[in-house]
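Single-letter residue listing:
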Amino acid sequence: MLRLIKEAEFDLYIDFAYELALDPARSGYPVYFDGMKTREDFVSRTRKALERPGEDVLLFFEGGEVEGLIAFEHLEADRYLHANVFNIRRDTAAALAEFVDYCRERWPGFTLDLGFPAENVEALDWLDEQGIPCNERSWNFLLNLDRYEPLPEPDRVKRVGAENFEEFAAVHRQIQGDMFWNCERVRSTLDDWAIFVTGEGAAGEVLMTLDNSPHQEIFALEFVDEQYHSEGFRALLTAALNLLKAHGTKWLTFFVDEGCPQGELLKALGFRLVGTFICHRAAL
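Residues numbered from 1 in each chain as written. Predicted model: local features only at pLDDT ≥ 70, side-chain atom pairs only at ≥ 80, totals over all residues. Heavy atoms only, no water.

1. Some points on the packing of aromatic side chains
Now for step 1: Applying the stated criterion to the full structure yields 20 aromatic pairs.
Now for step 2: For the pair F72 and Y102, a centre-to-centre distance of 6.5 Å together with 90° between the ring planes defines the contact as edge-to-face. One end of the pair, F72, is in strand β3 (residues 65-75); the other, Y102, is in helix α3 (residues 92-106), and 30 residues separate them in sequence.
Now for step 3: With a centroid separation of 5.4 Å and 70° between ring planes, the pair formed by F255 and F277 is classed as edge-to-face. Taken together, the residues F255 in strand β11 (residues 251-257) and F277 in strand β12 (residues 272-283) connect sequence positions 22 residues apart.
Now for step 4: Members of the aromatic cluster, connected to one another through ring pairs, are F72, F86, F99, Y102, W107 and F116.
Now for step 5: The positively charged end of K37 is found above the aromatic ring belonging to Y32, 5.6 Å away from the centroid.
Now for step 6: Sitting over the face of the ring of F180, R185 holds its NZ or CZ atom 4.1 Å from the ring centroid. (Phe/Tyr/Trp six-rings, centres within 6.5 Å; stacked < 30°, edge-to-face > 60°. Helix = DSSP H or I, 4+ residues; strand = E, 2+ residues; numbered from the N terminus. Lys NZ or Arg CZ within 6 Å of the ring centre and 35° of its normal.)

Have a look at this one:
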């Protein structure tokens, strides 16, 4: 059974939920076993889900006992839902079945993304058995920038701002597909991003968050021909890493396609492979 958590229950169950977050076989994405995020991060982010009008926190019961906690966003304007916490001690398949039905009843016609570590076999098997398609399999890399020494600035890589946004948009329109962060959304939140483009060899881009948080993420480092261009990739990544180092950023997350050749370069630059992220997308 699922029900909304009561505010008075939050402190009672948050440590239980955090212990599950440290187990890749019983938790979802974003992960908290990566060596970067802390208990305080988990508690703070989950409490925000309790307080924000566009987010909810559910408890999952089996046999009268609390067996898990689910926190998720429901973005009404975008008709989109995704879980920020999906931590279940026992019977993950039952929790998923109830959660998908719950979302389908409350938000029919919305899209629901459910992401899990590869180790959460029960969750992923259930999603496969239900025919809910997998839309992403990625390696989750993490870099501690304290260990990164800036490299020489690359040639023919240009930073993008409001004045030359169309140079990025010309590349991104060919890459974005069904990506949430399409040109329009990036343009409307431009101050939150650092963007570089290159035309050397093949047109490409890097789209990366940049704010006062110690943790940033690369959302896209791609080329319009969908091929891997080692020199262009290295140049765009170098520009991004040098900027983050100067900015004082501590951590960088970068998801790349599972099995891609970029993995060796990332490891050479000091990135650590946290694990494999697998996402399934349900049309409710």
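2. A look at a negative patch on the surface
Now for step 1: Taken together, the side chains of E122, D125, D128 and E129 define an acidic patch exposed on the protein surface.
Now for step 2: Of note, D128 is situated in helix α4 (residues 121-129). (Patch = residues over 30% accessible without salt bridge, like charges linked within 9 Å, V, L, I, M, F, W, Y side chains within 5 Å. Areas by Shrake-Rupley, 256 points an atom, 1.4 Å probe, with all protein chains shown as cover. Salt bridge = Lys/Arg side-chain N within 4 Å of Asp/Glu carboxyl O. Lys, Arg positive; Asp, Glu negative; His and termini not counted. Charge placed at Lys NZ, Arg CZ, Asp CG, Glu CD.)

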